[in-house]
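# Report on the structure
Chain residues, written in single-letter form:
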There are 2 protein chains.
Amino acid sequence: MTKAIFIILDGLGDRPCKEFRGKTPLEAASTPNMDSLVKEGVCGMQSPLSLGFTLESGPAHFEIFGYTPFKKFYPGRGIIEALGTGAKLREKDIAFRVNFATVKNGKIKDRRAGRIKSVKSFEKPLSMKLKGIEFILKSGTEHRAALIMRGSNLSDKLSNSDPHKIGVAPKKVKALGKEAEFETEILNEYIKKVHQILNKHRINKTRKRKKLPEANYILLRGAGKFKEVQSFKEKYRLKGCCIAGTGLYKGFGKFIDMKLINVKGATGGKTTNVKAKFMAAKRALKRYDFVWVHVKATDLYGHDGDPVGKKNFIEKVDEALEVLKKVKALKVITGDHSTPCSLKEHSGDDVPILFNGKGVRVDDCVKFGERECSEGGLQRIYGKNIIPEILNLIGKQDIIE
Amino acid sequence: MTKAIFIILDGLGDRPCKEFRGKTPLEAASTPNMDSLVKEGVCGMQSPLSLGFTLESGPAHFEIFGYTPFKKFYPGRGIIEALGTGAKLREKDIAFRVNFATVKNGKIKDRRAGRIKSVKSFEKPLSMKLKGIEFILKSGTEHRAALIMRGSNLSDKLSNSDPHKIGVAPKKVKALGKEAEFETEILNEYIKKVHQILNKHRINKTRKRKKLPEANYILLRGAGKFKEVQSFKEKYRLKGCCIAGTGLYKGFGKFIDMKLINVKGATGGKTTNVKAKFMAAKRALKRYDFVWVHVKATDLYGHDGDPVGKKNFIEKVDEALEVLKKVKALKVITGDHSTPCSLKEHSGDDVPILFNGKGVRVDDCVKFGERECSEGGLQRIYGKNIIPEILNLIGKQDIIE
């Protein structure tokens with residue numbers, strides 16, 4: 001066994017739910033496939049950084065993939081999202097995550113412009129050079145996009161313009177350091193210009209006629225500056241690939257120079273085709289040593305405070321695992337953090353993890369779940385232990401001399 | 001109880017073996033003495049550095065003895081091995097681990113020169129001054145030796161000449177930094193000269209006549225530079241001693257300025273007299289606060305992929321423990337890392353550890369083994385926790401203010 005399949009169910013961990021008489025969604029779910037992996041495997045709890053510390057998915061993934069401490073490596077969300085759109089970045093490029101929004105009479109009416117299906121047509125008219133700075137707009141899924149700023153000596157000390165609520169005016173981007181003052185002025189001018197262009201764009205004229213929210217404003221957040229890191233392959237001498245539906249995770253895969261495998265139906269949403277992803281993973285194992293599958297919806301149900309939805313989705317994932325049953329590879333399943341339905345937010349609780357495959361020291365656990373795994377043979381491990389433990393178990397460990 | 005005996009069974013940890021229906025050698029072994037220590041003690045799993053990370057014995061011992069992070073303190077294997085031969089080193093000396101080997105027609109025929117019994121006679125003819133560098137050769141056990149280079153401004157950025165296989169030519173030592181170029185040239189000249197001297201040496205003439213592999217070449221590895229560290233006694237205010245059969249561990253004992261106690265029959269090999277070592281430990285407890293006993297063979301069986309041998313040897317250790325039965329001291333048993341027989345290599349799996357003595361919080365464990373100890377009261381501890389926990393339990397803890 002020299003290959004591994006690593007499944008991250010985003011926001012998997014949860015807390016006791018009254019709907020399940022104190023069980024968590026994972027504990028309440030019927031998960032025969034996961035349980036059979038547990039019975040022949042070893043379990044534990046995984047804390048991406050340290051118990052009690054709550055992370056966003058970006059930093060959590062950096063810790064889990066061993067780019068730790070994440071503060072040293074994490075270039076900011078904007079960069080990762082930009083890579084996720086397929087943008088090619090250059091050293092020192094600045095990037096923001098962008099939401100196309102609807103602004104009327106100076107106030108935000110809809111932060112997602114009615115979840116407009118695509119903003120690809122806006123890429124060209126919104127990419128331009130302005131006073132020495134090149135602005136490049138790249139569309140993502142639905143209302144999502146990234147804005148790249150290219151120029152000399154640009155800083156990423158830039159505040160968000162997205163106030164994260166409706167009924168208020170978008171904020172102006174502020175310089176968070178003196179060195180960013182000059183570019184901030186140009187950036188705010190650009191945002192204003194974008195508003196004018198979008199207001200006149202034929203797509204918005206059509207949307208107005210159809211009484212759909214116009215995508216006439218860009219809300220910016222998560223400024224970051226691109227810097228290359230050691231690739232996953234160089235770092236671990238593993239040929240890795242990434243199967244993900246959401247821009248952030250695709251972007252992270254790109255950032256560490258993994259091959260992205262696109263799967264039809266892998267939307268990153270609640271209706272995503274998990275089975276198709278696992279089938280793609282099975283095929284990918286022929287060509288890659290390390291197949292990373294990311295599934296987003298567990299986190300979405302957590303944010304929505306929907307424990308039943310989360311439980312049902314976990315059962316769907318478990319059913320889909322059937323296709324990997326006969327696959328001879330180390331199988332690892334965990335989440336990147338907990339998103340308890342009762343909080344509708346990420347939490348600092350640790351997350352169940354299971355390792356199944358040849359050589360593991362099988363423990364007494366029989367069901368995949370928070371309480372059970374907290375008594376597992378691996379006890380508590382940290383994000384940074386996961387890839388080393390995978391290398392250890394597939395016999396590709398680096399012996400430190 | 002103010003004294004401690006600390007037993008390291010090298011490479012103790014293992015993985016499930018089919019020979020024992022999924023048990024590890026330690027689990028499969030009949031270990032009544034260890035088990036009775038477990039029943040009245042507290043257990044856990046110990047990871048020298050961090051779960052999943054695989055260490056050589058040198059770095060593992062640095063972590064376990066609290067010289068952490070080892071990267072800050074570890075001077076390279078050559079230095080530790082040189083100290084193990086009894087060499088007296090000076091600040092900034094360079095040292096290599098040396099194998100006496102057999103080279104014929106430019107190719108390595110035997111990396112250990114037929115495990116020649118002693119290379120002590122070569123010490124004198126091979127120690128010389130060459131172009132400003134003093135070369136000092138010190139013999140270890142069998143074919144093993146150390147080469148010390150003394151001079152001004154020497155660097156340890158030197159590659160290995162030992163290719164670790166036979167049938168090929170020995171490598172030339174390469175400078176791994178510009179500052180090492182000058183000395184590398186002289187060192188390679190020295191190695192050549194050594195070959196000439198050895199070819200003509202009377203011992204090799206005799207060996208040739210007897211058709212034994214000649215010890216006519218030196219293979220170098222593990223270059224390091226000596227720098228003093230705080231002694232074990234200063235660091236922990238404990239009078240410590242070391243009972244070990246193998247050069248590396250003796251050398252480490254020397255490095256932290258422990259008293260070395262030589263025991264007849266303590267060979268560092270599979271036929272070592274463990275009982276004699278434990279008896280020596282019992283006597284040493286009269287004069288020392290902290291007696292460290294190192295036993296190598298568990299690791300050797302792991303490297304040989306011999307689970308039955310490993311199990312039998314563990315049973316031999318357990319029998320020998322009988323002599324310590326009535327000794328009133330804190331007893332701690334663990335390994336420095338795992339060497340699973342299925343891998344024949346070190347692994348990043350953690351290692352069982354037990355603490356037995358007055359004051360410990362007795363847990364539910366009844367048998368010394370991987371699975372049992374993973375449910376122990378100490379849970380997972382790290383190398384750096386071991387000596388503090390010993391100090392804690394013998395009432396000699398430092399209270400951090």
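The notes below deal with the structure included here. All values derive from a computational prediction rather than experimental measurement. Residue numbers here run from 1 along each chain, matching the order of that chain's written sequence. To read the labels, note that chains go from A and ligands from 1, taken in the order they are written. Per-residue local features of the predicted model are confined to residues with pLDDT of at least 70, and side-chain atom pairs are confined, for both listing and counting, to 80 or more; whole-chain, interface and lining totals are unaffected and use all residues. Side-chain numbers here rest on the full set of heavy atoms in the structure, without hydrogens or water.

### Brief notes about the sheet that holds strand β13 (residues 351-356) of chain A
All names here are of chain A. Spelled out, the test is: For two strands to count as paired, DSSP must find a minimum of two bridges between them. Only DSSP runs of H or I covering at least 4 residues are called helices, and only runs of E covering at least 2 are called strands; the numbering of each starts at the N terminus. Every residue pair with non-hydrogen atoms within 4.5 Å of one another is taken to be in contact. For every element, the axis is a line fit to its C-alpha atoms; helices are fit only across the contacting stretch, and the angle between N-to-C directions ranges from 0 to 180 degrees.
Spatially, 8 strands are ordered β10-β9-β11-β1-β12-β13-β2-β14 in an open sheet, and the strand pairing comes out mixed. A strand with exactly one partner marks an edge of an open sheet, and here the two such strands are β10 (259-260) and β14 (379-382). In this structure, strand β1 (residues 4-9) lies alongside strand β12 (residues 330-334), joined through 5 bridges in parallel fashion. Bridge pairing in β12 links Phe6 to Val332. Helix α15 (residues 383-393) contacts β1, β2 (41-47), β11 (290-295), β12, β13 and β14 of the sheet and is inclined by roughly 100° relative to β14.

### Description of the interface of chain A and chain B
Formally: Summed over both partners, the accessible surface that disappears when two parts come together, traced with a 1.4 Å probe, is what is meant by buried area. What makes a salt bridge here is a side-chain nitrogen of Lys or Arg within 4 Å of a carboxyl oxygen of Asp or Glu, nothing more. Between N or O atoms, a polar contact is any pair within 3.5 Å; within protein, one atom must be a potential hydrogen donor and the other a potential acceptor, and residues adjacent in sequence are included only when both atoms are from side chains. Just so you know the grouping, Ala, Val, Leu, Ile, Met, Phe, Trp, Tyr, Cys and Pro go in nonpolar, Asp, Glu, Lys and Arg go in charged, and all remaining residues, Gly too, go in polar.
Each partner contributes to the interface: chain A provides 24 residues, whereas chain B provides 32 residues. Carbon and sulfur atoms make up 46% of the area that chain A and chain B hide from each other, which totals about 2,200 Å². Summed over the three residues of chain A that lose the most area to chain B, namely A:Arg361, A:Gln379 and A:Ile400, the buried surface amounts to 33% of that side. In this structure, the connection of chain A to chain B is made through 2 salt bridges. The shortest N-O distance in the salt bridge between A:Asp364 and B:Arg371 comes to 2.4 Å. Here chain A and chain B share 17 residue pairs in polar contact (both at pLDDT 80 or more) between them. Of all the secondary structure elements, the ones that give two or more residues to the side of chain A that touches chain B are β14, α15 and β15 (399-400) of chain A. Sort the elements by how many residues they give to the side of chain A that touches chain B and α15(A) lands first, with 6 residues. Split into classes, the residues belonging to the side of chain A that touches chain B amount to 9 nonpolar, 7 polar and 8 charged. As judged from the 2 bridges shared by β15(A) and strand β3 (residues 54-55) of chain B, these two strands associate in the parallel manner.

### Thoughts on the sheet that holds strand β10 (residues 240-243) of chain B
Residue and element names in this part refer to chain B. One open sheet accounts for 8 strands, arranged β11-β10-β12-β1-β13-β14-β2-β15; its pairing is mixed. The strands lining the two open edges of the sheet, one partner per strand, are β11 (259-260) and β15 (380-382). In this structure, strand β13 (residues 330-334) lies alongside strand β14 (residues 351-356), joined through 3 bridges in antiparallel fashion. Within β14, the residue paired with Ile333 across the bridge is Leu354. Lying over the sheet, helix α2 (residues 32-39) contacts β1 (4-9), β2 (41-47), β13 and β14, oriented at roughly 65° with respect to β14.

### Observations regarding the environment of B:Asn204
Residues and elements named next belong to chain B. This is how the line gets drawn: Partly exposed residues are those whose accessible area sits between 20% and 50% of the maximum for their type, while under 20% is buried and over 50% is exposed, using a 1.4 Å probe and protein chains only.
Assignment of secondary structure puts Asn204 in helix α8 (residues 202-209). Residue class for Asn204 comes out buried when judged on its relative accessible area of 0%. As for Asn204 and Glu214, which are separated by 10 residues in sequence, their C-alpha atoms are 5.2 Å apart. If we ignore the near neighbours within four places in the chain, the residues touching Asn204 are Phe122, Leu198, Glu214, Ala215 and Asn216.

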